[in-house]
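As a plain string of letters, each chain reads:
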Amino acid sequence: MTGIEQAKFGDFAAPGNLVGVDIDELRPGAVAALPKAGAPPLFIQHDGSMTDAGHFMEWSRERRSLLDELVLRHGGIVLRGFPIDDAEQFNRFANLFPIYAHGYAGGMAPRRHVTGDVLESTYLTQDFKLSLHSEMAYMKNFPPRIAFFCEQASCIGGETIIGSLAELTRRIPPALRERIERHKVRVVRNYAPCGSSRDLKAIEDTNQIGWDEAFETEDPTEAERLCGQLGLEFEWNEDGSLTLFDLVEPFTIHPKTQERVYRSSLHTDITSERQGMAATRERLIAQQKHPSGSFLDTGEKLTREEAECIHRIQDEIEISWQWRDGDLMILDNLQVAHGRNPYSGPRLVHVALLE
Ligand SMILES: [Fe+2]
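Residues numbered from 1 in each chain as written. Predicted model: local features only at pLDDT ≥ 70, side-chain atom pairs only at ≥ 80, totals over all residues. Heavy atoms only, no water.

Asker: I would appreciate a short explanation of the coordination of the iron ion in the present structure.
Answerer: Metal coordination angles have textbook ideals: 109.5 degrees for a tetrahedral set of four donors and 90 or 180 degrees for an octahedral set of six. In the first shell of the iron ion, the protein supplies His133 (NE2), Glu135 (OE) and His338 (NE2), at 2.1 to 2.2 Å from the metal. In the primary sequence, the donor residues of the iron ion line up as H-x1-E-x202-H. Of this pair, His133 sits in strand E8 (residues 130–133) while His338 sits in strand E19 (residues 336–340), and the two are 205 residues apart along the sequence. (Donors = N, O, S within 2.8 Å, 3.2 Å for Na, K, Ca; no water. Helix = DSSP H or I, 4+ residues; strand = E, 2+ residues; numbered from the N terminus.)

Put into C-alpha cells, the structure is as follows:
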C-alpha cells in the first residue's frame, strides 16, 4: 500500500494524493472550473444542506452529464455524506445511469441480487483479500463502469481499495509486457453443478459457485443462450458442472481516452496461494476435466515470477481509505481497478454495473 498523508477538504479527510471538491462547486455545466485530474478518485463531499434522498436523486439527475465527465476525467468519484441509506435508494441512483446490459451473467465472484440492478459486492470469505482487478477482466465483454454503495462500513478492514490501471500498465517491465501482448489470454472457468452454492453464506473459492447462481437461472438452455450473448464457449460435464472458455485481449484500449491498459486475469492463478488459501482451490481444480485458469494462447501460463511481478505492482499502486456508511463510488472500469481488504464483523457493500 502506498503511504498516504491525510489532507483536509472542508470538514472531512481525504487521502493526500486525491483531489477533493466541495458540493457548492458542482453546478451543472461547471466541469471547466473543476480541478484537473489527479490520482483517482475525486472526492465530492456534501455540505450538510441536503437531508432528503429525493432531493439527492434530483441533484444527481441534474448533474448526470457532469458526473459522467468527472468519472471519465478522474477515473472515479466518491460521493460522501449524501442522504442515501439503503439498496433501494442506491438502485434508484444507479438507474440514473445506463445499466450495463449483460448484468453479471457469467460473472466469477459469488454475489447475488439485492434489489433491482443492485448486487451484493461478494460473499467470498471475509478472510480473503480481493486483489485489484478491473471488473470481469476474465471476459471479453465487461461493464465500462462500476458503482459501489457502502450501506454499512466494516469496523475492521473491508475497505474497497482502488488503483490506477494506467499506472499498473506503465510499471509492467517491458520484457514482460512484450511477452504478454503478443498473445491472447485463454480463460477457463468452472461452475459447480446447479444448486451447489444456493444455501452457502460464504465461500472460499470461486470454483464452488453453482452455474445456476452465475446465470441466475436453473434452465441450462437459458444459461447457454446467455453464454452465446457473451461470446463464451461452454461445455457441460458429466457431473453437471459447466466449463466456460473465453479468449480475451490482455490489453484494452479505452474507447474515450485511447489509453491502452492491462486488463487481464492472466496473473491471478497464484492469488489464493499468495494468501495461504490455496487448499480448497487445488482440491477443486484437481477434479475438473478442464482445470480453471488463465493461459496464454500458446497454452503456457505466466511463470511464478511474472505473475508475482504483476501482483507486486498491484500492491505498490493500491490506495485505500477509511470508508463510511453512505459512501458512493463510481469507477471507470478501464481506468481504475478495485478490490477489497479482508475484514471482520458486519459489512454491507452493494454494487451496480453501468454502461
Ligand atoms: Fe470486482
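Asker: Any chance you could explain the environment of Gly276 here in plain terms?
Answerer: Tracing the sequence through the fold places Gly276 in the loop between helix H8 (271–274) and helix H9 (278–286). The class of Gly276 is exposed, set by a relative accessible area of 67%. (Buried < 20%, exposed > 50% of the residue type's maximum accessible area, 1.4 Å probe, protein only.)

Asker: How should I be thinking about the side chain of Thr217 in this particular structure?
Answerer: With respect to the helices and strands, Thr217 occurs in the loop between helix H6 (211–215) and helix H7 (220–230). Residue classification places Thr217 among the buried positions, given a relative accessible area of 15%. Looking at Thr217, its side chain comes within polar contact range of the main-chain nitrogen of Asp219, at 3.0 Å. The contact partners of Thr217, leaving out residues within four places of it in the chain, are Trp211, Asp212, Glu222 and Ala223. (Polar contact = N/O pair within 3.5 Å; in protein donor to acceptor, adjacent residues only side chain to side chain. Contact = heavy atoms within 4.5 Å.)

Asker: Looking at this structure, how should I read helix H5 (residues 174–181)?
Answerer: Structural remark: α-helix, 3.6 residues per turn; residues separated by three or four positions point the same way. The set of residues buried in H5 consists of Leu176, Arg179 and Ile180. Buried residues of H5 fall within an arc of 95 degrees about the axis and therefore sit on the same side. Those residues of H5 that are buried are in contact with strand E15 (251–253), strand E16 (260–262), strand E17 (293–296) and helix H10 (304–317). (Arc of directions from axis to C-beta.)

Asker: Before we go on, may I ask you to explain the environment of Leu354 in this structure?
Answerer: Tracing the sequence through the fold places Leu354 in strand E21 (residues 348–354). Expressed as a C-alpha distance, the spacing of Leu354 and Ile146, which sit 208 residues apart in the sequence, is 5.5 Å.

Asker: Honestly, the packing of H5 against H10 in this entry has me stumped. Any pointers?
Answerer: The description of two helices packed together rests on the angle between their axes and the distance between the axes. Their axes nearest at 11 Å, the elements H5 and H10 cross at an angle of 110 degrees. Comparing the axis directions of H5 and H10 gives the class roughly perpendicular. You can see that H5 and H10 cross each other, and the crossing is left-handed. Along the contact surface, H5 presents Leu176, Arg179 and Ile180, while H10 presents Glu306, Cys309 and Ile310. Grouping the amino acids of the contact of H5 with H10 by side-chain chemistry returns four nonpolar, no polar and two charged. (Axes fitted to C-alpha atoms, helices over the stretch in contact; angles between N-to-C directions. Parallel < 35°, antiparallel > 145°, perpendicular 65-115°, else oblique. Left-handed = near helix turned anticlockwise from the far one by under 90°. Nonpolar A, V, L, I, M, F, W, Y, C, P; charged D, E, K, R; others polar.)

Asker: Explanation requested: the sheet that holds strand E14 (residues 242–248) in the structure shown.
Answerer: Note: strands within a sheet are paired through backbone hydrogen bonds, in either parallel or antiparallel orientation. Taken together, the four strands give an open sheet; going across it, the order is E13-E14-E12-E17, and neighbouring strands pair in antiparallel fashion. The sheet terminates laterally at strand E13 (233–236) and E17, the two strands that pair on one side only. Taken pair by pair, the neighbouring strands of this sheet meet at an average axis angle of 20 degrees, ignoring direction. As paired elements, strand E12 (residues 185–191) and E17 share four bridges and run antiparallel to each other. Bridge pairing in E17 places Val188 opposite Gly293. (Pairing = 2+ DSSP bridges.)

Asker: Whenever I open this one, the packing of aromatic side chains confuses me. Can you help?
Answerer: Any pair of aromatic rings gets described here by the distance separating the centres and the angle formed by the planes. Tallied over the entire structure, the rule returns 11 aromatic pairs. One aromatic cluster in this structure is built from Phe56, Trp59, Phe82, Phe93 and Phe97. Sitting over the ring of Phe142, Arg263 keeps its end group 3.9 Å from the ring centre. The cationic tip of Arg347 hangs over the ring face of Tyr343; the distance from NZ or CZ to the ring centre is 5.4 Å. (Phe/Tyr/Trp six-rings, centres within 6.5 Å; stacked < 30°, edge-to-face > 60°. Lys NZ or Arg CZ within 6 Å of the ring centre and 35° of its normal.)

Asker: Quick question: what am I supposed to make of empty space enclosed by the protein here?
Answerer: Empty space among the atoms becomes apparent when a probe as large as a water molecule is rolled across them. According to the stated counting rule, one finds three cavities of 30 Å³ or more in the structure shown. By volume, the largest cavity is sized at about 770 Å³. Elements with a minimum of two residues in the lining of the largest cavity: E8, E12, H8, E17, H10, E19 and E21. The biggest single contributor to the lining of the largest cavity is E12, with five residues. Here the lining of the largest cavity is composed, by residue class, of 17 nonpolar, 22 polar and nine charged. (1 Å grid on protein atoms, 1.4 Å probe; cavity = no way out; pocket = protein on both sides within 12 Å on 5 of 7 lines; lining within 4 Å. Points joined across faces, edges and corners; volume = space filled by probe spheres on them.)

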